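Single-letter residue listing:
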Amino acid sequence: MSHVSPDNDDQAPGSKKGLSLPISRVRLIMKSSPDVSNINQEALFLTTKATEMFVQHLALSSFNNGQGKESRSLSYSDLANAAEEMETFQFLTDILPKKILARDYLKSLEQMQEEEEAVDL
Amino acid sequence: MAERPEDLNLPNAVITRIIKEALPDGVNVSKEARRAISQAASVFVLYATSCANNFAMKAKRKTLNAGDVLAAMEEMEFERFMEPLREALEVYKKGQKGKKEVSEQKRKDKEKKTDSENDKSREEDEEEERMEEEAEAENEVEEEEVEN
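Cut-offs applied
- Residues numbered from 1 in each chain as written.
- Chains lettered and ligands numbered in written order.
- Predicted model: local features only at pLDDT ≥ 70, side-chain atom pairs only at ≥ 80, totals over all residues.
- Heavy atoms only, no water.
- Helix = DSSP H or I, 4+ residues; strand = E, 2+ residues; numbered from the N terminus.
- Buried < 20%, exposed > 50% of the residue type's maximum accessible area, 1.4 Å probe, protein only.
- Salt bridge = Lys/Arg side-chain N within 4 Å of Asp/Glu carboxyl O.
- UniProt positions renumbered as here; feature names shortened; annotations may be inferred.
- Contact = heavy atoms within 4.5 Å.
- Buried area = accessible area lost by both parts, 1.4 Å probe.
- Polar contact = N/O pair within 3.5 Å; in protein donor to acceptor, adjacent residues only side chain to side chain.
- Nonpolar A, V, L, I, M, F, W, Y, C, P; charged D, E, K, R; others polar.
- Axes fitted to C-alpha atoms, helices over the stretch in contact; angles between N-to-C directions.
- Parallel < 35°, antiparallel > 145°, perpendicular 65-115°, else oblique.
- Left-handed = near helix turned anticlockwise from the far one by under 90°.

Enquirer: Let's hear about unusual backbone geometry: which residues, and what values?
Expert: The phi torsion at Arg72(A) lies on the positive side, around 55 degrees, for a residue other than glycine. Residue position: Arg72(A) is located in the loop between α2 (41-65) and β2 (73-74). Unusually for a residue other than glycine, Glu77(B) sits at a positive phi of about 65 degrees. Within the secondary structure, Glu77(B) is located in the loop between α3 (66-75) and α4 (79-98). Judged by its relative accessible area of 39%, Glu77(B) falls in the partly exposed class.

Enquirer: Hey, could you go over the pattern of salt bridges for me, with residue numbers and the actual values?
Expert: Residues and elements named next belong to chain B. Summed over all chains, the structure comprises six salt bridges over all chains. In this structure, Asp68 and Arg61 form a salt bridge, with 2.9 Å as the shortest nitrogen-oxygen distance. Among the ionic pairs, Glu83 bridges to Arg86, the shortest N-O distance being 3.1 Å. Taken together, the positions of Glu83 and Arg86, both in helix α4 and three residues apart, correspond to about one turn of that helix. Residue classification places Glu83 among the partly exposed residues on the basis of a relative accessible area of 43%. A relative accessible area of 37% places Arg86 in the partly exposed class.

Enquirer: Can you break down the UniProt feature "domain: Transcription factor CBF/NF-Y/archaeal histone" (unreviewed entry) in chain A residue by residue, with the values?
Expert: In the numbering used here, UniProt assigns the "domain: Transcription factor CBF/NF-Y/archaeal histone" (unreviewed entry) feature to residues 20-82 of chain A. Within the segment residues 20-82 of chain A, helix and strand shares are 65% and 6% respectively, and the terminal C-alpha atoms sit 24 Å apart.

Enquirer: Describe in detail the interface of chain B and chain A, supporting the description with residues and values.
Expert: Each side of the interface is counted separately: chain B has 72 residues, and chain A has 59 residues. Both sides together, the interface formed by chain B and chain A hides about 6,300 Å², and carbon and sulfur atoms give 69% of it. The largest share of the area that chain B buries against chain A comes from Arg17(B), Ile18(B) and Tyr92(B), three residues that together contribute 9% of it. Run the count over chain B and chain A and you get one salt bridge. Put simply, Glu32(B) and Lys99(A) hold a salt bridge, and the shortest N to O gap is 2.0 Å. Connecting chain B to chain A are 10 residue pairs in polar contact (both at pLDDT 80 or more). It is helix α2 (residues 31-58) of chain B that contributes the most residues to the side of chain B that touches chain A, 15 residues altogether. Counted by class, the side of chain B that touches chain A contains 39 nonpolar, 12 polar and 21 charged residues.

Enquirer: Outline the packing of helix α1 (residues 12-22) of chain B against α2(B), listing residues and values.
Expert: All names here are of chain B. Two numbers describe how α1 lies on α2: the axes approach to 10 Å, and their chain directions differ by 105 degrees. Taken together, the axes of α1 and α2 lie roughly perpendicular to each other. Here Asn12, Ile15, Thr16 and Ile19 of α1 come into contact with α2, specifically with Arg34, Ile37, Ser38 and Ala41.

Enquirer: Can you explain the packing of α2(B) against α3(B)? Please cite residues and give values.
Expert: Residue and element names in this part refer to chain B. Two elements in contact, α2 and α3, have axes separated by 8 Å at closest approach and are oriented at 115 degrees. Judged by the angle between their axes, α2 and α3 are roughly perpendicular. Crossing hand, α2 versus α3: right-handed. Within the contact between the two elements, α2 uses Phe44, Ala48, Cys51, Ala52, Phe55 and Ala56 and α3 uses Asp68, Val69, Ala71, Ala72, Met73 and Glu75. For the contact of α2 with α3, the residue count by class is 10 nonpolar, no polar and two charged.

Here it is, written out as structure tokens:
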């Protein structure tokens, strides 16, 4: 569609600390972890920075290993594949489950039932 | 502290910007993919925190420090982050030194930060709204013209 340029103006560049993500929010997430009592400023800074790097890394690796390189797109399934195939992203498999089509699911369900019936007989 | 589950999400506008900057120009990232990356980032924070906390507990410390976070990266097999993180930390430390009263004022800082947290989240909200407006504008070029 139209070439919208104002997009770039709005890049409210990160804070004075060279971070884009809000430290306050990252601290909130960290503190939601039950055993954590105190976090010093440096640890907070590093975790925030690491999270930014992680987002870049996850997006880029999923894109590079994904199906959308030619169509220039990044889709959910590229992410789910990355979580499954790349070792460093394995901790994400629970929140990035692979999707299957309903008809495939029903088919496999039918198969399972047939097998069960076969066993019963 | 986290009263609503959304409080554990990272701001979408910022996540979207980081993704865009990481990918080659013109790559389209689906809404679902963006949401998934954002959730993944929250899980990453929790995972890193729990790893770092294990190191602190082993050393019988109650406060997570930079070394714990770096050790966590190694354990999570994100060694590739360690060198850039160390460099960023050095820059950060230099910036902190310039502010003088670091250690003594830490407590006061904490109080101040809770105040400024509110400001920040307000800014985030505004930013998100702006993004939404833009997204709409892309779909409805006519409206955009009217606004301009």
